[in-house]
Amino acid sequence: MSGSIQIESTPEVADALSAGRPVVALESTIITHGMPWPGNRDMALEVEAIIRAEGAVPATIAVIDGRLHAGLDEDTITKLAQAKNVMKLSRADFAYALAEGRTGATTVAATMMAAQLAGISVFATGGIGGVHQGAETSFDISADLDELSRTPVIVVSAGAKAILDIPKTLEALETRGVPVVAFGQDAMPAFWSRESGLKAPLRLDTPEAIARFEITRRALGGHGGMLIANPVPVEDEIAAPEMNRHIAAALATAKAKGIEGKAVTPFLLGEILELTDGESLKTNIALVLNNARLAARIAVELAAASA
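Just so you know, these numbers come straight off a predicted model, no measurement behind them.

Enquirer: Help me understand the side chain of threonine 151, please; the structure alone is not making it clear to me.
Expert: The residue threonine 151 is located in the loop between helix 8 (144–150) and strand 8 (154–157) in this model. A polar contact of 2.5 Å, which involves the side chain of threonine 151, links it to the side chain of glutamate 147. In this structure, threonine 151 is in contact with Arg91, Met112, Met113, Gln116, Gly224 and Gly225, ignoring residues within four places of it in sequence.

Enquirer: Looking at this structure, how should I read helix 12 (residues 264–275)?
Expert: The end-to-end C-alpha distance of helix 12 is 16 Å, a good match for the 16 Å that 12 residues give at a rise of 1.5 Å each. Looking only at helix 12, the buried set comprises Val264, Thr265, Phe267, Leu268, Glu271 and Ile272. Across the axial projection of helix 12, the buried residues extend over an arc of 160°, all falling on one side. Packed against the buried residues of helix 12 are helix 11 (240–257) and helix 13 (279–306).

Enquirer: Honestly, the nonpolar core in this entry has me stumped. Any pointers?
Expert: The tendency in soluble globular proteins is for nonpolar side chains to be buried side by side. With 97 residues, the main nonpolar core has Val24, Phe94, Ile128 and Ile228 as its most contacted residues. Ranked by residues supplied to this core, first place goes to helix 13 with 10 residues. Contacts of isoleucine 228, omitting those with residues within four sequence positions, involve Ile154, Val155, Val156, Ser157, Val181, Phe183, Ile210, Leu294 and Ile298.

Enquirer: Would you take a moment to explain the packing of aromatic side chains for this structure?
Expert: Each aromatic ring pair is described using two quantities: the centre-to-centre distance and the angle formed by the ring planes. Under the definition given, this model contains one aromatic pair. Arranged with centres 4.8 Å apart and planes meeting at 80°, the rings of phenylalanine 191 and tryptophan 192 form a pair that is edge-to-face. The class of phenylalanine 191 is buried, set by a relative accessible area of 4%. Residue class for tryptophan 192 comes out buried when judged on its relative accessible area of 2%.

Rules of the game
Residues numbered from 1 in each chain as written. Predicted model: local features only at pLDDT ≥ 70, side-chain atom pairs only at ≥ 80, totals over all residues. Heavy atoms only, no water. Helix = DSSP H or I, 4+ residues; strand = E, 2+ residues; numbered from the N terminus. Polar contact = N/O pair within 3.5 Å; in protein donor to acceptor, adjacent residues only side chain to side chain. Contact = heavy atoms within 4.5 Å. Expected span 1.5 Å × (residues − 1). Buried < 20%, exposed > 50% of the residue type's maximum accessible area, 1.4 Å probe, protein only. Arc of directions from axis to C-beta. Core = buried A, V, L, I, M, F, W, Y, C linked by side-chain atoms within 4.5 Å. Phe/Tyr/Trp six-rings, centres within 6.5 Å; stacked < 30°, edge-to-face > 60°.

So this is what it looks like as structure tokens:
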């Protein structure tokens with residue numbers, strides 16, 4: 001039995017990686033667990049188109065029938081968007097899906113792992129996981145945080161998901177030595193909202209500056225990942241006071257129904273979708289597209305600086 005993981009890539013991704021051209025990794029749980037058909041497929045294809053328009057190559061990550069893919073063609077994305085019983089993979093069960101021939105969509109943590117294996121340095125997502133509300137008793141803390149501390153991939157998101165305890169999430173990231181950089185503003189964004197009420201630890205205003213920061217970190221050695229907190233566009237945001245009301249109501253419902261573990265996040269997102277009459281999904285799509293655009297620009301600058 002071989003001890004190495006074989007990665008299957010589309011010709012587009014393989015050619016870009018071999019030539020040192022910019023590539024952006026994309027997660028697949030947003031396709032399988034984040035949005036309904038056919039909007040999930042349309043969103044995935046639009047994200048890839050934005051990355052190409054910015055001069056980079058998209059590489060959507062997934063495990064299909066036990067094979068790790070870094071880059072999916074349109075037909076495979078379409079099939080994945082309609083697939084049933086797809087595992088939601090993090091570090092703990094990533095290897096299990098590979099070993100058992102399962103199909104699984106990658107979370108932030110698993111996508112970072114796959115990106116590092118494939119040689120991809122930049123990853124675009126919606127929002128990272130973090131410290132959940134009530135974690136002081138539930139101990140519900142996302143594996144994304146430890147992955148950011150150990151895996152050298154730049155993660156571009158709209159911050160941590162707003163349903164989380166953002167102050168505790170920032171503290172946990174600081175403890176793990178993860179740089180958290182707000183893009184173009186001093187405030188830490190909160191997923192659907194541009195401001196969380198918290199100051200971001202660091203600020204940078206250009207993709208070039210982010211690439212320069214990353215190259216300097218590499219020179220120091222022993223670095224993990226970096227979180228770029230990219231605020232949702234002004235025209236697409238839902239203001240924090242409004243979102244906080246919806247989140248509180250959704251959390252109360254989850255507690256009353258005894259929702260726990262991996263079921264918490266999808267339940268809360270579904271509740272918030274209803275409470276906002278669908279506006280949260282529109283904002284979610286807008287911020288994912290915005291993150292993909294920034295990630296592609298960072299990847300282009302990083303590839304140019306590394307050449």
